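Spelled out from the first residue to the last, the chains are:
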Amino acid sequence: MTSLTQRSSGLVQRRTEASRTAADKEREVGRKEPEPRRGEESDHDDIGDSKETRLTLMEEVLLLGLKDREGYTSFWNDCISSGLRGCMLIELALRGRLQLEPCGVRRKSLLARKVLCKSDAPTGDVLLDEALKHIKETQPPETVQSWIELLSGETWNPLKLHYQLRNVRERLAKNLVEKGVLTTEKQNFLLFDMTTHPLTNNNIKQRLIKKVQEAVLDKWVNDPHRMDKRLVALIFLAHSSDVLENAFAPLLDDQYDLAMKRVRQLLELEPEAESMKANTNEMLWAVVAAFTK
């Protein structure tokens, strides 16, 4: 009986020592890896499990807009171009590369404040780095609305046409091909041949659709500041790019009506007021303001 008690106490003692060692290691890791600042996310902070394919906001919006079999977006969609540029600004802000200028004593509106380069460290994404380079080198700085137009090539000033990011959809599609989400084919359209990118990994798109659906249905929290910033941005930008309804198409009528009702609730929010709340990202709300003004 005595020997059993001694063995048990020894086992408890070893477990206690192991627990202390693990706790010490966790504290060391915590000291080495500080949490991101308010309104920022690390470059590696992305959606879902680390084993899943990580997509940028631009890639997610494009994937929602692509026809699965045909491999191209609707010819009638003239909103996705500017929507993708808005995605770039938010993506760069979430990665800690961009910020809005201080609002000042008189508190400038979101759309009146200039976009400033906070860090010019490469992101690892060619499109994002190209946009960041333009923003960093431009003096005086431009507003969010101006950058969406300039990066889209929607300007009457010939001296600013060089800001346009060209072939954005094709370049994003190639990124998705490299990530194993899409494939590349040539299709004949009577008068011309066109490169298309049909869906090859349906699991990734279904996960994306499910995530958007759950955000406004099963996991609805009725407060954008309690939602993941990337998910909030995705819903707003997918709507601005006219591709959000593609995610709701499989829903039953009642679910669809409820989802759209909650999206309208988000769209009716006042960006100026939301940008002043705690734990917010001003760039996100500035882009929202640019599309909903």
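Preceding this section is the structure that the text describes.
The rules we used
Residues numbered from 1 in each chain as written. Predicted model: local features only at pLDDT ≥ 70, side-chain atom pairs only at ≥ 80, totals over all residues. Heavy atoms only, no water. Phe/Tyr/Trp six-rings, centres within 6.5 Å; stacked < 30°, edge-to-face > 60°. Helix = DSSP H or I, 4+ residues; strand = E, 2+ residues; numbered from the N terminus. Buried < 20%, exposed > 50% of the residue type's maximum accessible area, 1.4 Å probe, protein only. Axes fitted to C-alpha atoms, helices over the stretch in contact; angles between N-to-C directions. Parallel < 35°, antiparallel > 145°, perpendicular 65-115°, else oblique. Left-handed = near helix turned anticlockwise from the far one by under 90°. Contact = heavy atoms within 4.5 Å. Nonpolar A, V, L, I, M, F, W, Y, C, P; charged D, E, K, R; others polar. Core = buried A, V, L, I, M, F, W, Y, C linked by side-chain atoms within 4.5 Å. Pairing = 2+ DSSP bridges. Expected span 1.5 Å × (residues − 1). Arc of directions from axis to C-beta.

Draft legend 1. How the structure looks around the packing of aromatic side chains. Applying the stated criterion across every chain, the model contains 3 aromatic pairs. Here Trp147 and Tyr163 contribute two aromatic rings whose centre-to-centre distance is 5.3 Å and whose plane-to-plane angle is 80 degrees, an arrangement assigned as edge-to-face. Of the two residues, Trp147 is situated in helix H5 (residues 144-152) and Tyr163 in the loop between H5 and helix H6 (168-178); the sequence distance between them amounts to 16 residues. Accessibility classification places Trp147 together with Tyr163 in one group, the buried group. Look at Phe236 and Trp285: their rings are 5.6 Å apart centre to centre, the planes differ by 70 degrees, and that puts the pair in the edge-to-face class. Remark: Trp285 occurs in helix H12 (residues 282-292) and Phe236 occurs in helix H8 (residues 229-240); sequence separation between them is 49 residues. Its relative accessible area of 3% is what places Phe236 among the buried residues.

Draft legend 2. Up close: the packing of H8 against H12. Relative to each other, H8 and H12 sit at 15 degrees, their axes nearing to 11 Å. Comparing their axes, H12 and H8 come out roughly parallel. In the crossing of H8 with H12, the sense of the turn from one axis to the other is left-handed. For the pair formed by H8 and H12, the contact residues are Lys229, Val232, Ala233, Phe236, Leu237 and Ser240 on the first element and Leu284, Trp285, Val287, Val288 and Phe291 on the second. Residues belonging to the contact of H8 with H12 are distributed by class as follows: 9 nonpolar, 1 polar and 1 charged.

Draft legend 3. Up close: the nonpolar core. Ranked by internal contacts, the top residues of the largest apolar core, which has 72 residues, are Leu89, Val144 and Phe248. Top element by residues in this core is helix H3 (residues 80-94). It accounts for 9 residues. In contact with Phe248, not counting residues within four places along its chain, are Val212, Gln213, Val216, Tyr256, Ala259, Met260 and Val263.

Draft legend 4. Main features of the pairing of strand E4 (residues 193-196). Of the two faces of E4, the one lined by Met194 and Thr196 is fully buried and the one lined by Asp193 and Thr195 carries no buried residue. Where strand E3 (residues 185-188) lies against E4, 4 bridges are found, and the strand directions are antiparallel. Looking at the pairing, Lys186 lines up with Thr195 of E4. Count of turn residues in the E3/E4 antiparallel hairpin: 4 residues, of which Leu190 carries a positive phi of about 60 degrees.

Draft legend 5. Fine view of the packing of helix H2 (residues 57-65) against helix H7 (residues 202-216). Across the interface, H2 lies against H7 with an axial gap of 10 Å and an inter-helix angle of 100 degrees. The angle between H2 and H7 falls in the class roughly perpendicular. Contacts between H2 and H7 involve Glu60, Leu63 and Leu64 from the first element and Ile204, Lys205, Leu208, Ile209 and Lys211 from the second. Residues of the contact of H2 with H7, tallied by class, amount to 5 nonpolar, no polar and 3 charged.

Draft legend 6. Up close: helix H10 (residues 253-267). The end-to-end C-alpha distance of H10, which contains 15 residues, comes to 21 Å, matching closely the 21 Å that a straight helix rising 1.5 Å per residue would cover. For H10, every residue scored as buried is listed here: Ala259, Met260, Arg262, Val263 and Leu266. Viewed along the axis of H10, the buried residues span an arc of 160 degrees, placing them on a single side of the element. Exposed and oriented more than 90 degrees from the buried face of H10 are Asp253 and Asp254. The inward-facing, buried residues of H10 abut H7, H8 and helix H9 (244-248).

Draft legend 7. Local environment of the environment of Leu110. Checked against the element boundaries, Leu110 lands in the loop between strand E1 (98-100) and strand E2 (115-117). Since its relative accessible area comes to 1%, Leu110 is described here as buried. In this structure Leu110 touches Leu100, Pro271, Glu272, Ser275, Glu282, Trp285 and Ala286, once residues within four positions along its chain are discounted.

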